[in-house]
Amino acid sequence: MRNTITQRGHWKKTHYNCQLSSLPDGTEVTVMGWLQDVRDLGKIKFLVLRDSTGVAQVTVKVDAATKNIVDLLSKLTRESVIAVKGVVKRTEKSRLGFEVIPSELKVLNYAKKPLPLEVTGKTPADFETRMSVRFMDLRRRSELLIFKIQHEVLRAIRSFLHEKGFTEVFTPKILASATEGGAELFKVKYFDKDAYLAQSPQLYKEVLTSCFEKVYEIGVYFRAEESNTPYHLNEFVSVDIEAAFMDYEDVMQLLEECIKHVYHHLAANCSRELRELGVELTKEDVTKHFPRITYSKALEVLQDKGFAINWGEDLTTPALRKLSEEFEGYYFITDWPTETKPFYIKPSVKDKNICEAFDLMWRHIELASGGTRIHVREELEESLRLKGLNPESFKEHLKAFDYGMPPHAGWGLGLSRLIMAITRRQNIREVVLFPRDRTRLTP
RNA sequence: GCCCCGGUGGUGUAGUCCGGUCUAGCAUGUAGGCCUGUCGAGCCUGCGACCCGGGUUCAAAUCCCGGCCGGGGCGCCA
């Protein structure tokens, strides 16, 4: 006999699993979800029904259940989608404190077998296996929680920036020129023209400070770098802000407050979820001041640790690992050599070799980068030339600096890197639903 | 792009150093059976695998070469 899929018909899901435990005994419910497991003891069968919010136990006593239910059960496979109408029974016999006694059962879809990985987590799966069947991997609660937490992080960031008077904007991701310099861009066809995918909203958000004053954008960007590390992706989400009449000290302070606000929000809204991921939030997470260390000071610290780096050189990954031994959690590296930073970063008035730039670090990973921007056209052109770039190819951008560009500053924060830091995951791919890296283009 | 490590049933592993008794072990899964309180259920029986291509050898999961794929460390990343 063929497996039959029933139409959902007029049935409506009345409750999510996470709501069931607080319902009074005898409440009639219709629950829908995935059959994670069946513990079959013969005359009594326990179904573990999972939905996006958690699991519920459906208890079927063969002698008391309808023949239809028993027949359907005999053919059910794990991860099939089912709907159960029944009543909630509060009982100490179930560890959840309740169970659902079914009166009707519908199979909404059958899952094939064998499954490509174990959703229960009983048998661990390789990274590669997990990524290749990511839709299944994400049914595991630990993986789902990462993205529930990311959702809360974004909610916190948006409310924080809104409170601070920032306007959320969207800038183009398809650009005419690849002349920004820096990272390699992906080239795409734009009808009969060549175009490039944006690697950041940098130039647009700066221009927008001349009208909105304070803007932020949460967007997806692309870099065609052949990186191969656990913290680089070719497609990533960045949280960018830019503010008129502020300098790097101001926006650094803002960034620190923003991260603290995120932790505050998480402590209030998802400490249980974080605990499930093995992360225990402490009071320090919300209160501790982020240490600030200048680039020059960092070099001294490294010198003491036997790491010789010439002034002016960028800090290598091994150097940053070494340096991070000095700090617990987040810290800023400030006052970088002008030559290590992009053309739009403002050199210090006191010393042209140093610029008003900072990186927010977590361990050896750069979470955010920001600074005071050059807002005077002549200085910007000078800076472009010093970096070996041609001001002519920035003509369109420079135009905005002719008509009242305010002094401004800003930063860009890698969202997934922040999520890595919060959830303590080791590989950025784990905190991205469908990561795009050097070799991964599917799923 | 460079260096290191790895690839064994659907899933995760043992075995590889030191080739043969590996007819490839275990767990999970899966199929069937027993079981009315399981909650990683338990017990019994069955099923299912050596990444690809060359080479060495009487003999290759095991050694050598190449490829593909993955992980880590770097580099690249205004």
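Along each chain, numbering runs from 1 in the same order as the chain's sequence is written. Lettering of chains starts at A and numbering of ligands starts at 1, both following the order in which they are written. Where local features are concerned, this predicted model is filtered to residues with pLDDT of at least 70; where side-chain atom pairs are given and counted, the filter is 80 or more; whole-chain, interface and lining totals use all residues. Only heavy atoms go into the side-chain values, all of them from the structure, while hydrogens and water stay out.

## Some thoughts on the overall build of chain A
Next, step 1: In this text, helices come from DSSP runs of H or I with a minimum length of four residues, and strands from runs of E with a minimum of two, each type numbered from the N-terminal end. Summing up its helical and strand segments, chain A has 14 helices and 16 strands in all.
Next, step 2: Judged by the C-alpha coordinates and their principal axes, chain A covers about 85 × 55 × 40 Å.
Next, step 3: Relative to its full complement of 443 residues, chain A shows a buried share of 49%.
Next, step 4: For this analysis, residues touch if any pair of their heavy atoms sits within 4.5 Å. Considering only contacts in chain A between residues 6 or more positions apart, those separated by 24 or more positions represent 64%.
Next, step 5: For chain A, the accessible surface area stands at approximately 22,700 Å², while carbon and sulfur atoms represent 52% of it.
Next, step 6: For the purpose of charge, His is not counted, nor are the chain termini; Lys and Arg are scored as positive and Asp and Glu as negative. Think of each charge as sitting on NZ of Lys, CZ of Arg, CG of Asp or CD of Glu. With 65 positive and 63 negative side-chain charges, chain A shows a spacing of 10 Å between the two charge centroids. To sort residues, take the accessible area from a 1.4 Å probe on protein chains only and compare it with the maximum for the residue type: under 20% means buried, over 50% means exposed, and anything in between is partly exposed. Each accessible area is a Shrake-Rupley estimate made with a 1.4 Å probe; only the visible protein chains count as cover when residues are assessed.

## Details of the protein's contact with RNA strand B
Next, step 1: Around RNA strand B, a shell composed of 54 residues is seen, among which Arg39, Lys93, Lys113, His232 and Pro342 lie nearest.
Next, step 2: Whether a residue is near a molecule or strand depends on its heavy atoms: it is near if one of them lies within 4 Å of it. Near-protein atoms of RNA strand B (within 4 Å) split between backbone and bases, with sugar and phosphate holding 58%.
Next, step 3: Counting of polar contacts relies on pairs of N or O atoms within 3.5 Å, with two restrictions inside protein: one atom must be capable of donating a hydrogen and the other of accepting it, and residues adjacent in sequence are counted only when both atoms are side-chain atoms. Contact distances for RNA strand B include 2.8 Å between a base nitrogen and a side-chain N or O atom of Gln57.
Next, step 4: Side-chain classes are defined by residue name, with Ala, Val, Leu, Ile, Met, Phe, Trp, Tyr, Cys and Pro counting as nonpolar, Asp, Glu, Lys and Arg as charged, and the others, Gly among them, as polar. Here the residues of the surface near RNA strand B are counted per class, giving 14 nonpolar, 18 polar and 22 charged.

## A look at the domain arrangement of chain A
Bring the parts together and some accessible area is lost; that lost area is often taken as the interface size.
Next, step 1: Throughout, the edges of the domains are those of an automatic or database domain assignment. In terms of domains, chain A is made up of domain 1 (17–109) and domain 2 (141–291 + 327–431).
Next, step 2: Averaged C-alpha coordinates put domain 1 and domain 2 at centres separated by 47 Å.

## Focus: the packing of helix α10 (residues 295–304) against helix α11 (residues 317–324)
Next, step 1: Where α10 meets α11, the closest approach of the two axes is 10 Å, and the angle between their N-to-C directions is 85°. The orientation of α10 with respect to α11, classified from their angle, is roughly perpendicular. The segment α10 lies against α11, with Ala298, Val301 and Leu302 engaging Ala319, Lys322 and Leu323.
Next, step 2: For the contact of α10 with α11, a count of residues per class yields five nonpolar, no polar and one charged. Axes here refer to lines fitted to C-alpha atoms; in helices the fit is confined to the stretch in contact. Angles between the N-to-C directions go from 0 to 180 degrees. When describing relative orientation, an angle under 35 degrees is termed roughly parallel and one over 145 degrees roughly antiparallel, while 65 to 115 degrees is termed roughly perpendicular and anything else oblique.

## A few points about the nonpolar core
Next, step 1: Each nonpolar core is a collection of buried residues, namely Ala, Val, Leu, Ile, Met, Phe, Trp, Tyr and Cys, held together in the definition by side-chain atoms within 4.5 Å. Grouped together as the largest cluster of nonpolar side chains are 54 residues, with contacts concentrated most on Val153, Tyr330, Leu360, Leu367, Leu418 and Ile422.
Next, step 2: Discounting residues that sit within four places of it in the chain, Val153 has contacts with Val262, Leu266, Leu415, Leu418, Ile419 and Ile422.
Next, step 3: If you look at the next biggest cluster of nonpolar residues, it comprises 29 residues, including Phe327, Met361, Phe401 and Met405.

## Some details on a nonpolar patch on the surface
Next, step 1: To count toward a patch, a residue needs a relative accessible area over 30% and no salt bridge; like charges are then connected within 9 Å, while nonpolar side chains (Val, Leu, Ile, Met, Phe, Trp, Tyr) are connected within 5 Å. Only one rule defines a salt bridge in this text: a Lys or Arg side-chain nitrogen within 4 Å of an Asp or Glu carboxyl oxygen. A cluster of nonpolar residues, Ile174, Tyr190 and Phe191, forms a patch on the protein surface that exposes about 370 Å² of accessible area.
Next, step 2: With respect to the helices and strands, the residue Phe191 is situated in the loop between β8 (187–190) and β9 (193–197).
Next, step 3: Judged by its relative accessible area of 71%, Phe191 is exposed.

## Remarks on the pairing of strand β15 (residues 365–372)
Consecutive residues of a regular strand have side chains that alternate between opposite faces of the sheet.
Next, step 1: For β15, a buried count of six out of eight residues is recorded, marking the element as mostly surrounded by other parts of the structure.
Next, step 2: The pairing criterion for strands is at least two bridges between them, as found by DSSP. One ladder, built from six bridges, connects strand β14 (residues 357–362) with β15; its direction is antiparallel. Across the sheet, residue Asp359 finds its bridge partner in β15, namely Ser369.
Next, step 3: Hairpin connection, β14 to β15: the antiparallel pair is bridged by two residues, and Arg363 has positive phi, about 55°.
Next, step 4: Sheet analysis places β15 next to strand β16 (residues 408–414), joined by five bridges and oriented antiparallel. Within the sheet, the bridge partner assigned to Ser369 lies in β16 and is Gly412.

## Overview of the packing of aromatic side chains
Next, step 1: Pairs were defined over the aromatic rings of Phe, Tyr and Trp, the Trp ring being its six-membered one, requiring ring centres within 6.5 Å. Orientation was assigned from the angle between planes: stacked under 30 degrees, edge-to-face over 60, tilted for the rest. Taken as a whole, this structure holds 11 aromatic pairs when the rule is applied.
Next, step 2: Measuring from ring centre to ring centre gives 4.3 Å for Phe327 and Tyr331, while their planes differ by 15°; the resulting arrangement is stacked.
Next, step 3: By relative accessible area, which is 18% here, Phe327 ends up buried.
Next, step 4: Residue Tyr331 is classed as buried on the basis of its relative accessible area, which comes to 0%.
Next, step 5: Consider the rings of Phe343 and Tyr344, whose centres lie 5.3 Å apart with planes at 80°: the pair is edge-to-face.

## Some points on the side chain of Thr91
Next, step 1: Tracing the chain through its elements places Thr91 in the loop between β4 (81–90) and β5 (98–109).
Next, step 2: Only 2.9 Å separates the side chain of Thr91 from the backbone nitrogen of Lys93, close enough to count as a polar contact.
Next, step 3: Every residue in contact with Thr91, bar those within four places of it in the chain, is listed here: Gly97, Phe98 and Glu99.

## Topic: unusual backbone geometry
Next, step 1: Along the chain, Lys113 connects to Pro114 via a cis peptide bond; the corresponding omega equals -5°.
Next, step 2: Looking at the element boundaries, Pro114 is found in the loop between β5 and α3 (127–132).
Next, step 3: Here the amide bond leading from Thr442 into Pro443 is cis, since omega sits at -5°, within 30 degrees of zero.
Next, step 4: With respect to the helices and strands, Pro443 occurs in the segment after α14 (415–423).
Next, step 5: Even without being glycine, Phe191 reaches a positive phi, approximately 55°.
Next, step 6: Of note in this structure, Asp335 is not a glycine but carries a positive phi near 55°.
Next, step 7: Mapped onto the elements of the fold, Asp335 is located in the loop between β13 (330–334) and β14.

## Topic: the sheet that holds β13
Next, step 1: Here eight strands make up an open sheet; going across it, the order is β6-β10-β11-β16-β15-β14-β13-β12 and the pairing mixed. Sheet topology places β6 (167–168) and β12 (292–294) at the edges, where each strand pairs with a single neighbour.
Next, step 2: The pairing of strand β10 (residues 214–222) with strand β11 (residues 235–244) spans nine bridges and is classified as antiparallel. Bridged to Phe222 within β11 is Glu235.
Next, step 3: Across the sheet, helix α7 (residues 248–269) touches β11, β12, β13, β14, β15 and β16, and the angle it forms with β14 is around 20°.
Next, step 4: Along the sheet, α10 contacts β12 and β13; its crossing angle with β12, the most-contacted strand, is approximately 85°.

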